[in-house]
Amino acid sequence: LCQAAFTLQNLEEDIEVGRLGGDEFLLVKKGELSKADAENLGNKILRKLNKTFEYKNFNYELKASIGASSFPNHTTDIETLIRYADIAMYKSKKKGGNSIQVFTDQMSEELEVEASLKDVIARGEIVPYYQPIFDIHKNKIVGAEVLSRWIRNGEVLLPEVFIPVAKRIGCIVEIDYLMLDKACEFGQKWHMNGYTDFEIYVNMSYRSLKRPNCVEVIKGILNKYHINPEFIRLEITEDEV
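One structure accompanies this document, and this report is about it. (Residues numbered from 1 in each chain as written. Predicted model: local features only at pLDDT ≥ 70, side-chain atom pairs only at ≥ 80, totals over all residues. Heavy atoms only, no water.)

1. Some thoughts on the packing of helix 1 (residues 2–9) against helix 2 (residues 35–49)
A packed helix pair is summarised by two numbers, namely the angle formed by the two axes and the spacing between the axes. Worth spelling out the cut-off: Fitted lines through C-alpha atoms give the axes, limited to the stretch in contact for helices. The angle between two N-to-C directions lies from 0 to 180 degrees. Helical segments are the DSSP runs of H or I of at least four residues, strand segments are the runs of E of at least two, and each set is numbered from the N terminus. Should an angle fall under 35 degrees it is taken as roughly parallel, and over 145 as roughly antiparallel, whereas 65 to 115 is taken as roughly perpendicular and any remaining angle as oblique. Crossings are sorted by hand: turned counterclockwise from the far helix by less than a right angle, the near helix makes the crossing left-handed, and turned clockwise it makes it right-handed. Residues count as neighbours in contact if any of their non-hydrogen atoms are within 4.5 Å of one another. When residue character is reported, Ala, Val, Leu, Ile, Met, Phe, Trp, Tyr, Cys and Pro are called nonpolar, Asp, Glu, Lys and Arg charged, and the others, Gly included, polar.
Where helix 1 contacts helix 2, the two axes come as close as 10 Å, and the packing angle between them is 135°. Between helix 1 and helix 2, the angle falls in the class oblique. Handedness of the helix 1/helix 2 crossing: right-handed. For the pair formed by helix 1 and helix 2, the contact residues are Ala4, Thr7 and Leu8 on the first element and Ile45, Lys48 and Leu49 on the second. Across the contact of helix 1 with helix 2, the residue classes tally to 4 nonpolar, 1 polar and 1 charged.

If you want it as structure tokens, here you go:
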């Protein structure tokens with residue numbers, strides 16, 4: 001963080017630098033910049049940051065994901081301007097990082113998703129779909145993976161539309177625990193119908209797993225449906241790894 005801050009503070013005289021928190025920095029460049037100018041500046045910052053430095057006999061590599069928004073082209077509201085830059089930065093991360101993305105109108109669709117997601121569980125719009133797991137040796141279904149779907153205005157939205165946004169704004173934790181609850185309820189029915197070795201696979205985000213009470217919440221849900229933990233598989237998606 002100190003190395004990144006030092007590098008950013010020595011970029012250009014007309015750039016103001018601040019730290020928002022964690023590993024997020026905010027840069028304000030004065031003057032009129034086109035989209036191409038912003039991209040060139042972003043790439044210049046990346047070249048400055050992309051280096052290996054030594055600290056206490058260990059080598060560290062710096063990389064960054066950059067999002068940019070423009071006043072007054074995108075908005076005249078400061079908070080919205082920062083949020084737009086944040087959305088663009090998330091796009092950069094999603095594409096593998098170490099790049100710059102400039103906010104576009106298409107990205108504003110994510111804002112609509114973000115606003116709708118805040119009360120989506122209370123409205124009962126997140127529902128589970130179950131993908132069967134078939135054992136070809138036993139020639140039978142031995143389990144199922146629970147997949148979250150968002151039913152919005154009669155349309156079924158796939159996870160890639162809302163899960164990244166849910167992770168960014170934090171409501172992914174509620175979705176994770178809701179899906180685990182629904183999955184255990186589903187698994188209980190199968191076990192009661194004689195499929196005693198039926199397994200349930202549930203995706204769990206890093207944000208949920210790092211919660212201090214994560215284990216207690218999971219235990220509570222398992223006990224609620226009298227599910228043996230042996231039959232629950234918590235999966236971490238590739239992007240979370």
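From this point, the discussion proceeds with the structure in view.
2. Some points on the state of the cysteines
Stated formally: The rule for a disulfide is simple: a pair of cysteine sulfur atoms within 2.5 Å.
Per the counting criterion, the structure on display carries 0 disulfides. Among the cysteines around Cys171, which has no disulfide bond, Cys214 carries the closest sulfur, lying 17 Å off.

3. Some remarks on the pattern of salt bridges
Stated formally: A pair is scored as a salt bridge if a Lys or Arg side-chain nitrogen falls within 4 Å of a carboxyl oxygen belonging to Asp or Glu. Exposure classes here rest on a 1.4 Å probe applied to the protein chains alone. A residue is buried below 20% of its type maximum, exposed above 50%, and partly exposed in between.
Counted under the stated rule, the structure contains 9 salt bridges. With its nearest N and O atoms 2.6 Å apart, the salt bridge here joins Lys35 to Glu39. Here Lys35 pairs with Glu39, and both are found in helix 2, just 4 residues apart, close to one helical turn. Among the residues examined, Glu39 registers a relative accessible area of 27% and is labelled partly exposed. The partner of Asp197 in a salt bridge is Lys140, with the nearest N and O atoms 3.5 Å apart. A residue pair is termed long-range when its members are at least 10 positions apart, and Asp197 in the loop between helix 6 (172–192) and strand 10 (199–203) and Lys140 in strand 8 (residues 140–152) qualify at 57 residues. Judged by its relative accessible area of 30%, Asp197 is partly exposed. Each member of the salt-bridge network shares a partner with another, and the members are Asp86, Glu114 and Arg168.

4. Some thoughts on the packing of aromatic side chains
Aromatic rings considered in pairs are described by the distance between their centres and by the relative angle of their planes. For clarity, the threshold we go by: Ring pairs are drawn from Phe, Tyr and Trp, using the six-membered ring of Trp, whenever the two centres fall within 6.5 Å, and their geometry is named by plane angle: stacked under 30 degrees, edge-to-face over 60, tilted for the rest. The rule is short: NZ of Lys or CZ of Arg within 6 Å of the ring centre and within 35 degrees of the ring normal puts a charge over the ring.
Here the structure, examined in full by the defined rule, presents 8 aromatic pairs. Between Trp190 and Tyr195, the aromatic rings sit 4.9 Å apart at their centres with planes inclined by 55°, giving tilted as the arrangement. For the pair Trp190 and Phe198, a centre-to-centre distance of 4.2 Å together with 15° between the ring planes defines the contact as stacked. Owing to a relative accessible area of 1%, Phe198 belongs among the buried residues under this scheme. In this structure an aromatic cluster arises from ring pairing among Tyr130, Phe186, Trp190, Tyr195 and Phe198. Over the ring of Trp150 we find Arg152, and its NZ or CZ is 5.1 Å from the ring centre. A cation sits over an aromatic face here: Arg168 above Tyr90, 5.8 Å from the ring centre.

5. Digging into the packing of helix 3 (residues 78–94) against helix 4 (residues 108–117)
Across the interface, helix 3 lies against helix 4 with an axial gap of 10 Å and an inter-helix angle of 105°. On the basis of the axis angle, helix 3 is roughly perpendicular to helix 4. Between helix 3 and helix 4, the residues in contact are Arg83, Tyr84, Ile87 and Lys91 and Glu110, Leu111 and Glu114, respectively. Each residue belonging to the contact of helix 3 with helix 4 can be placed in one class, and the counts come to 3 nonpolar, no polar and 4 charged.

6. Here's the deal with unusual backbone geometry
In the segment running from Phe71 into Pro72, the intervening peptide bond is cis, with an omega of 5°. Along the chain, the position of Pro72 falls in the loop between strand 5 (66–68) and helix 3. Even without a glycine there, the phi angle at Asn153 is positive, about 55°. You can call Asn153 exposed: its relative accessible area is 78%. With a phi angle near 55°, His226 is a residue other than glycine that sits in the positive phi range. Position of His226 relative to the elements: it lies in the loop between helix 8 (214–224) and strand 11 (232–235).

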